[in-house]
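Notes for the structure review
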Amino acid sequence: MNLNSIPAFQDNYIWVLSQDDGKCLIVDPGEAAPILAAITENNWQPQAILLTHHHHDHVGGVKELTQKFPGLVVYGPQETQDKGATDIVKEGDTVDVLGCEFSVIATPGHTLGHVCFFSDPYLFSGDTLFSGGCGRLFEGSPEQMYQSLQKLQSLPDHTVVCCAHEYTLANVKFALSVLPHDRAINEYYSEVNELRVKNQKTLPVILKNERRTNVFLRTDDADLIEEISKETNLQQPEQRFAWLRSKKDNF
């Protein structure tokens, strides 16, 4: 299986899993043009589309793709039904594409119906988990997003996290503002900054590394708790997550 990321808009990635025979799976096609160009260039044969949530920059290319490839199956949560989804999925469902079985994980927070798709080792996390960060809470609560991230935390260390946006540098800058002396975050910042100076991608990432560098996955971390306690005394990890998310929103 080959993992491909197709840039779209300013900072989106459309993910494509492809086989050597050309059959492929497309994730969150926000616009059609770049993915159609990649299909032509690589002689891909789309078998299905996975949608994580209803936002336009994740579903905007569905109509054109399904017109171009009649009968293309589009899997997505209930909130994507009017965005072109043909097969509605929910927590606990499995989707079989390209000989892979994808588990559907409900991850409300960014939107109320957001889902992620996991087939070891690939996690298509949409706008729930980013490298160094997490999605804004447009519809859900901090408690919902915290619980959603805990679900993703339970996946194996070697999980390949395929996020939908190139937000890594900004996220790690925020992490440094919270934990300026953290060695892992500083090392990651140097690595990410060097990649972005060269206009290179920072994604995908490995979950094991995110556990070390993503403050939103470190709400039980002693150093983070000590830092937060300088401003406020928060006993629960959900409260510390909400504090972090609020800080990031205003960073």
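Naming follows an unreviewed UniProt entry, where the protein appears as Hydroxyacylglutathione hydrolase of Scandinavium goeteborgense. The record held by UniProt for the protein lists under Subunit (unreviewed entry) the comment "Monomer."

1. Focus on the UniProt feature "binding site: Zn(2+) 1" (unreviewed entry) in the protein
Here the UniProt feature "binding site: Zn(2+) 1" (unreviewed entry) sits at His53, His55, His110 and Asp127. Spatial clustering of the annotated residues is evident: they stretch over 75 residues in sequence, but the largest pairwise C-alpha distance comes to 9.9 Å. The topology assignment puts His53 in the loop between strand S4 (45-50) and helix H2 (56-59). Every residue in contact with His53, bar those within four places of it in the chain, is listed here: His58, Val59, Pro77, Glu79, Thr80, His110, Thr111, His114 and Asp127. Within the local environment of His53, its side chain forms a polar contact with the side chain of His55, the two groups lying 3.4 Å apart. Topologically, His110 is positioned in the loop between strand S8 (100-106) and strand S9 (115-119). The contact partners of His110, leaving out residues within four places of it in the chain, are His53, His55, Asp127, Gly135, Arg136, Leu137, Phe138, Glu139 and Met145. There is a polar contact of 3.1 Å between the side chain of His110 and the side chain of His55.

2. Brief notes about the UniProt feature "domain: Metallo-beta-lactamase" (unreviewed entry) in the protein
Those places that UniProt annotates as "domain: Metallo-beta-lactamase" (unreviewed entry) correspond, in this numbering, to residues 11-165. The distance from the first to the last C-alpha atom of residues 11-165 is 5 Å, and the span holds 22% helix and 34% strand.

Thresholds applied
- Residues numbered from 1 in each chain as written.
- Predicted model: local features only at pLDDT ≥ 70, side-chain atom pairs only at ≥ 80, totals over all residues.
- Heavy atoms only, no water.
- UniProt positions renumbered as here; feature names shortened; annotations may be inferred.
- Helix = DSSP H or I, 4+ residues; strand = E, 2+ residues; numbered from the N terminus.
- Contact = heavy atoms within 4.5 Å.
- Polar contact = N/O pair within 3.5 Å; in protein donor to acceptor, adjacent residues only side chain to side chain.

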